[in-house]
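Given next are the chains, with one letter for each unit.
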Amino acid sequence: MKVVEKKKIWFGLSIAIIVVGLIMGMIQGFNLGIDFTGGTMMQIDLKKQVSVNEINEVIKKFDLDGDILHVGENKHEIIIKTKKDLNSGERQKVFEALQKKYNLKDEDFREAEQFGPSIGKEIQKKAFLSVAIAAIGMLIYITFRFEFKFGASAIITLLHDILVVLAVFAIFRIPINSSFVAAMLTIVGYSINDTIVVFDRIRENIRFMKKKNYDEIVDISVNQTLTRSINTSLTTLITITALYVFGVESIKVFALPLIAGTITGTYSSIFIASPIWALWKNWELRKGRYNAG
């Protein structure tokens, strides 16, 4: 497979997704969850496990447009999160609808809480700080073990992965919440692992393929590690997809960005990271020849 030769296709596809996603995000706004916008949280004990669809049917007249999570050992309790700021009377009406449907007692209304977007701002701040520290640490480590160009290419690829997943969430209006942030931090670690495997093979092949140019070495190295990368990603995807299909809502909101990130991370490790390194090395080689002339 000629990876470097078709780099314009790979780069163009990624840029198109990122640009479309970010433009849609700026025009119509990102679909931020309650963790970032603030709102109301209510915890209610239903005494039995009830499906999310059934609960939504009971409270649909309140137009909460919220998230419902099952909690507790037997998943009998639910947490309703909505972006709306409900006062005590409005919260009581929501509970009374469920109370009438499931014959609940007053004490089954466990707790209610209103909170502002300050929690979301704190999550964003810590997420950016975590990614920045991780990126710097990875850059130092990869530079020490390989070279600076490998490290810089890997960091650019990580930025690509984050932007692509963010763009996909913007395009399809998928809610962005604290689980999304946790998933993105997980993706950063997963993606860099795949990228380093390819870079390690490139470094080995450089020693034994001195007559080949950088593009050829990258193509050979990618093809040598392709089966490993695909198999690793497939096994990971099967597990995460099973969690998304059979898991409860709290698991699904974490699994969905992981699915998108795993696919993006595998794609970038093969089609983005290595071509960036080859492009950089070829530019450096041409620059050296020009200066020598």
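Residues numbered from 1 in each chain as written. Predicted model: local features only at pLDDT ≥ 70, side-chain atom pairs only at ≥ 80, totals over all residues. Heavy atoms only, no water.

An unreviewed UniProt entry lists the protein under the name Protein-export membrane protein SecF, with Crassaminicella indica given as the organism.

(A) Broad picture of the overall build of the protein. Assigned secondary structure in the protein consists of 10 helices and 4 strands. Taken from N to C terminus, the helices and strands of the protein fall in the order α-α-β-α-β-β-α-β-α-α-α-α-α-α. Dimensions of the protein, computed from the C-alpha atoms along their principal axes, are close to 85 × 35 × 30 Å. In the protein, buried positions account for 42% of the 293 residues. Within the structure as shown, the protein displays about 16000 Å² of accessible surface, and the carbon and sulfur contribution to it stands at 61%. Within the protein, one finds 36 positive and 29 negative side-chain charges whose respective centroids are separated by 9 Å. (Helix = DSSP H or I, 4+ residues; strand = E, 2+ residues; numbered from the N terminus. Buried < 20%, exposed > 50% of the residue type's maximum accessible area, 1.4 Å probe, protein only. Areas by Shrake-Rupley, 256 points an atom, 1.4 Å probe, with all protein chains shown as cover. Lys, Arg positive; Asp, Glu negative; His and termini not counted. Charge placed at Lys NZ, Arg CZ, Asp CG, Glu CD.)

(B) The side chain of D108, seen in detail. Of note, D108 is situated in the loop between α4 (88–102) and β4 (109–115). A polar atom in the side chain of D108 sits 3.2 Å from the side chain of K47. Among residues more than four places away in sequence, those in contact with D108 are Q43, I44, D45, K47 and F95. (Polar contact = N/O pair within 3.5 Å; in protein donor to acceptor, adjacent residues only side chain to side chain. Contact = heavy atoms within 4.5 Å.)

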